[in-house]
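Residue-level listing of the chains:
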Amino acid sequence: MPQSFDYIVIGGGSAGYAGARTAHDAGAKVAVVDGAAELGGLCILRGCMPSKILIYAAEVLHHAQHGTALGLEIPSARANLAALQERKRRLVAEFADHRVKQLESGRFQLFRQRARFTGPREVMLADGTILTAKHFLVATGSVIARPPVPGLDKVNALTSDDILNLSQAPESVIVLGGGEVACELAQFLQRIGSKVTLIQRSPHVLKGYSPESAKVVEKALRDEGMTVFTGTCIEEITPLPNGGARVTFTHSGKRQICEAKTLFNALGREPATQNLGLHHAEVALRPDGHVQTDEFMRTTNPAIYAAGDCAGPHEIVHVAIMQGETAARHALGHPATPVNENHLVKVVFTDPQVASAGLSEKQIKERGIPYVTASYPFDDHGKSILMEARYGFVKIFARKPDGLLLGAECVGRDASELIHAPAVALPLNATMHDLLRAHWYHPTLSEIWTYPIEECATTLAG
């Protein structure tokens, strides 16, 4: 006999757990289905947490190696990959154990199997068990993409999973791609001793951010010794006899050939929607492969919702959590608030970091919103100068004529922390004048925001 529930969640990662928890708190009978080898989800096991553990360690190493700029004599500093990996495994295990305890707390019935839709309100588990529910949440995440690059399938390319588990630093690495993961892990590899070449198809790295931001990151990467090619077209990838790879590509109208002992496929991720039987459930996909949803994360089948990486459009944990919560509330008939894209916060953990909140300048122009803008560089700011953190800038966008904050951009040291000043101000509908009434302590990195805010306020005052 089928087992029936009010709400079934497929996937126990950030979006899935958030949806299951919210549905349970609303009084629903909830099941979570997750057939992964380990519970925890991408962020905990192979994404946010392990990568930031290693990236932060490499950042500390970099500062130690450049201590002379601060008047420090540090005889030597190098990466101990075995020790780094042991620390990473210990911390990730702690995070994962906490998530397992949450999923096994008894609030949900947990099925450690794969699920496949066999009807609009029915799934079959790997062992043949049938589950039915009034509503479902698909939160299956994403997998590493393997785009049709000529020859990529003939080379033993590493993925981000492999990079996060390295036992020793590769001698040389070619990184394919220039997105967030590509840039973050390329810099990590460069800092632990690898000779890195990054090849990006778009005109600049981090194409989801402004060209101004990308140029700062590109300069920092090159200053650290990395070779960075942008605006390229890969012609062919061929294996080398020693197990390495040769990449032939065009750049600035010229054919280039690069060789390395290691090839890192950092060409992004794609929604994990294969083998779910979504067609049996009458659930449609978008052209990019994401599950099609409305603002409340409801799919083309009103009984089924989707959240997180499989739904997109952003592969960001806090957005996945918001989506999971919104989906559960809406499914159960409770007040639900769609994710406000106008307040979106994004971060890249390169050094310097890149962060944005709210609307980008491109979006503001596309919407025809009258605005003023101002920016200020880190290399003219007291705290960043004394920290030798001179890369980058902050930039503010304010609406005319009332000075309402529309968005902000930050490239520089601790941008991931600094961005939360404007991120908090956005949902409060703060204006430039509101922000100037705040206490901005001196000397701090945060007070750098006061310069573009003051400039915008002055411009608006006319």
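Just so it is clear, the structure is predicted and the values come from calculations on it, not from any experiment.

(A) Region of interest: the environment of T140. For T140, the location among the structural elements is in the loop between β6 (130-138) and β7 (142-144). Owing to a relative accessible area of 25%, T140 belongs among the partly exposed residues under this scheme. Spatially, the C-alpha atoms of T140 and E455 are 46 Å apart, while their sequence positions differ by 315 residues. Setting aside anything within four residues of it in sequence, one finds T140 in contact with I10, A272, L276 and C310. At 2.6 Å, the side chain of T140 and the backbone oxygen of A272 are in polar contact.

(B) Spatial organisation of helix α14 (residues 450-461). Between its first and last C-alpha, α14 extends 16 Å over 12 residues, near the 16 Å set by a 1.5 Å rise per residue. Buried residues of α14: T450, P452, I453, C456, A457 and L460, and no others. For α14, the secondary structure elements touched by its buried residues are β19 (371-377), β20 (393-399) and α13 (432-436). Count one or two residues on from α14 and you reach G462, which has phi positive near 75°.

(C) Seen up close, the sheet that holds β20. Here five strands make up an open sheet; going across it, the order is β17-β18-β21-β20-β19 and the pairing antiparallel. One side of each edge strand has no neighbouring strand; the edge strands of this open sheet are β17 (345-348) and β19. Each neighbouring strand pair of the sheet contributes to a mean axis angle of 5°, computed without reference to strand direction. In the sheet, β19 pairs with β20 via seven bridges, with the strands oriented antiparallel. Paired with A374 across the strands is I396, a residue of β20.

(D) How the structure looks around the sheet that holds strand β12 (residues 245-251). Strand order in the open sheet made by the three strands is β11-β12-β13, with antiparallel pairing throughout. The sheet is open, and its two borders are formed by β11 (232-239) and β13 (254-260), each paired with just one other strand. Averaged over neighbouring strand pairs, the angle between their axes works out to 20° when direction is ignored. In terms of strand pairing, β12 meets β13 through seven bridges, oriented antiparallel. By the bridge assignment for β13, H251 is matched with K254.

(E) Molecular detail of the packing of helix α1 (residues 14-25) against helix α8 (residues 317-331). For the pair α1 and α8, interaxial distance at closest approach is 7 Å and the crossing angle is 35°. Remark: the crossing between α1 and α8 carries right-handed chirality. Together, S14, A15, A18, G19, R21, T22 and A23 of α1 and V317, A320, I321, G324, E325, A328 and R329 of α8 make up the contact between the two elements. A breakdown of the residues in the contact of α1 with α8 according to their chemical character gives seven nonpolar, four polar and three charged.

(F) Structural view of a nonpolar patch on the surface. On the surface, a cluster of nonpolar side chains totalling about 260 Å² of accessible area is made up of L70, L72 and I74. Its location among the elements puts L72 in the loop between α3 (48-65) and α4 (81-103). A relative accessible area of 42% means that L72 is categorised as partly exposed.

(G) Highlighting unusual backbone geometry. In the segment running from G312 into P313, the intervening peptide bond is cis, with an omega of 0°. With respect to the helices and strands, the residue P313 is situated in the loop between β16 (304-306) and α8. Cis geometry is found at the peptide bond from H442 to P443, where omega equals -5°. Among the secondary structure elements, P443 is positioned in the loop between α13 and α14. Positive phi outside glycine occurs at M297, with the angle close to 70°. Locating M297 in the fold gives a position in the loop between β15 (269-271) and β16. On the basis of relative accessible area, M297 is assigned to the buried category, the value being 6%.

(H) Inspection of the side chain of N265 at higher detail. Inspection of the secondary structure puts N265 in strand β14 (residues 262-265). On the basis of relative accessibility, which here comes to 3%, the residue N265 falls in the buried class. Polar side-chain contacts of N265 include one of 3.1 Å to the backbone nitrogen of L267. For N265, the contacting residues outside a window of four places in its chain are I144, A145, R146, L152, A157, L158, T159 and L176.

(I) A look at the state of the cysteines. One pass over the full model with this rule turns up zero disulfides. Looking at C233, it has no disulfide partner, and the nearest cysteine sulfur is the one in C258, 14 Å off. Overall, C233 belongs to the partly exposed group, its relative accessible area being 46%. A disulfide-free cysteine, C456 has its sulfur positioned 15 Å from the sulfur of C410, the nearest such atom.

Calculation notes
- Residues numbered from 1 in each chain as written.
- Predicted model: local features only at pLDDT ≥ 70, side-chain atom pairs only at ≥ 80, totals over all residues.
- Heavy atoms only, no water.
- Helix = DSSP H or I, 4+ residues; strand = E, 2+ residues; numbered from the N terminus.
- Buried < 20%, exposed > 50% of the residue type's maximum accessible area, 1.4 Å probe, protein only.
- Contact = heavy atoms within 4.5 Å.
- Polar contact = N/O pair within 3.5 Å; in protein donor to acceptor, adjacent residues only side chain to side chain.
- Expected span 1.5 Å × (residues − 1).
- Pairing = 2+ DSSP bridges.
- Axes fitted to C-alpha atoms, helices over the stretch in contact; angles between N-to-C directions.
- Left-handed = near helix turned anticlockwise from the far one by under 90°.
- Nonpolar A, V, L, I, M, F, W, Y, C, P; charged D, E, K, R; others polar.
- Patch = residues over 30% accessible without salt bridge, like charges linked within 9 Å, V, L, I, M, F, W, Y side chains within 5 Å.
- Areas by Shrake-Rupley, 256 points an atom, 1.4 Å probe, with all protein chains shown as cover.
- Salt bridge = Lys/Arg side-chain N within 4 Å of Asp/Glu carboxyl O.
- Disulfide = S-S within 2.5 Å.

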